[in-house]
Amino acid sequence: MRFQKKNRYLAALLCVNLLAGCTASSGSEVSRYEIYYRAIEENTRFASASENYTVSAEMTQWDDGTYRYYVIFDEPKISMYDIVIMTVEDERPYQEAVKMMPSSGVFDASSSMIPNQVNSKAGFVKGLIVSGECENDEIELSFLVEWKDKSKKTTSREFLRFTLNMEGIVTEAPPAEEPAETQEDAG
């Protein structure tokens, strides 16, 4: 009888530890999401395109009247490892966001892109797609694209912003925007 109580106690303790471990992992992912989101919020310089990869996008309307957009990052010009992409719609502040913004590499495994090489089983992809839903047929999208070099010692970041509608990416940039420079952190 005493042995059974001890086993129940150990089983309960194990369950609590497992739940605590899951919560800690989820919490760190959520804080990582917030860090990337706030980096976009606080950034003041955005580019409309990159010299390091190609960005294309399209928007479609669904039967229920909502819209879905797809943004494709591909054709890398340089080797990009452990890529993270974070999106913010219509410059919505973090505190006012009622839905999770599209991302890649924040909650899921990050991928890498190398010019003219594809091996998805090894994590080397042709391109990455982020997609989201919206109510209007035009949306302003802001992105943080982060990657590491081959040694994984240098991290680079680019901030992009453009408007997307049913015709595609709106090519005229708002006059207040300045071209962005790639930010590197050797750390």
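Residue numbers run consecutively from 1 along every chain, following the written order of its sequence. Given that this is a predicted model, residues contribute local features only at a pLDDT of at least 70 and side-chain atom pairs are listed and counted only at 80 or more, while totals for whole chains, interfaces and linings are drawn from all residues. To obtain the side-chain values, all non-hydrogen atoms of the structure were used and water was disregarded.

Between 30 and 60 degrees the pair is tilted, below 30 it is stacked and above 60 it is edge-to-face, where a pair is any two Phe, Tyr or Trp rings, Trp via its six-membered ring, whose centres lie within 6.5 Å. Taken as a whole and judged by the stated rule, the model has ten aromatic pairs. Residues Tyr 33 and Phe 107 carry aromatic rings whose centres are separated by 5.6 Å and whose planes lie at 35° to one another, so their mutual orientation is tilted. With Tyr 33 in helix H1 (residues 2–42) and Phe 107 in the loop between strand S4 (103–104) and strand S5 (111–113), the pair connects residues that are 74 residues apart, well separated along the chain. Three exposure classes are used, based on accessible area relative to the maximum for each residue type with a 1.4 Å probe and protein chains only: buried under 20%, partly exposed in between, and exposed over 50%. With a relative accessible area of 5%, Tyr 33 lands in the buried category. The class of Phe 107 is partly exposed, set by a relative accessible area of 33%. On the basis of an interplanar angle of 85° and a centroid distance of 6.2 Å, the ring pair of Tyr 81 and Phe 124 is categorised as edge-to-face. You can see Tyr 81 sitting in strand S3 (residues 80–89) and its partner Phe 124 sitting in the loop between S5 and strand S6 (127–134), a full 43 residues away along the chain. Judged by relative accessible area, Phe 124 falls into the partly exposed class, the value being 23%. Here a set of aromatic residues connected by ring pairs shows up, and it is made of Tyr 53, Phe 73, Phe 143, Trp 147 and Phe 162. A ring has a charge above it when a Lys NZ or an Arg CZ is no more than 6 Å from the ring centre and no more than 35 degrees off the ring normal. Against the face of Phe 46 rests Arg 161, its NZ or CZ located 3.6 Å from the ring centre. Secondary structure follows DSSP: runs of H or I at least 4 residues long count as helices, runs of E at least 2 residues long count as strands, and numbering of each begins at the N terminus.

With that settled, the discussion passes to the pattern of salt bridges. Think of a salt bridge as a Lys or Arg side-chain nitrogen and an Asp or Glu carboxyl oxygen that are within 4 Å of each other. The full count for this structure, using the stated rule, is nine salt bridges. Of the charged contacts in the structure, one is a salt bridge between Arg 161 and Glu 140, with a shortest N-O distance of 4.0 Å. With Arg 161 in strand S8 (residues 154–165) and Glu 140 in strand S7 (residues 138–148), this residue pair connects regions lying 21 residues apart in the sequence. Of the two residues, Arg 161 and Glu 140, both sit in the buried class. A salt bridge links Glu 146 to Arg 157; its shortest N-O distance comes to 2.8 Å. In this pair, Glu 146 sits in strand S7 while Arg 157 sits in strand S8, placing the two residues eleven residues apart along the sequence. Residues joined by salt bridges that share partners form a network here, namely Glu 34, Arg 38 and Glu 41.

Time to look at the side chain of Arg 161. Residue Arg 161 is classed as buried on the basis of its relative accessible area, which comes to 11%. Polar contact is defined as a pair of N or O atoms within 3.5 Å, subject to the rule that within protein one atom must be able to donate a hydrogen and the other to accept it, and that residues adjacent in sequence are counted only when both atoms are side-chain atoms. Engagement of the side chain of Arg 161 in a polar contact is seen with the side chain of Ser 142, the distance being 2.8 Å.

Any link to function would need more than the numbers given here.
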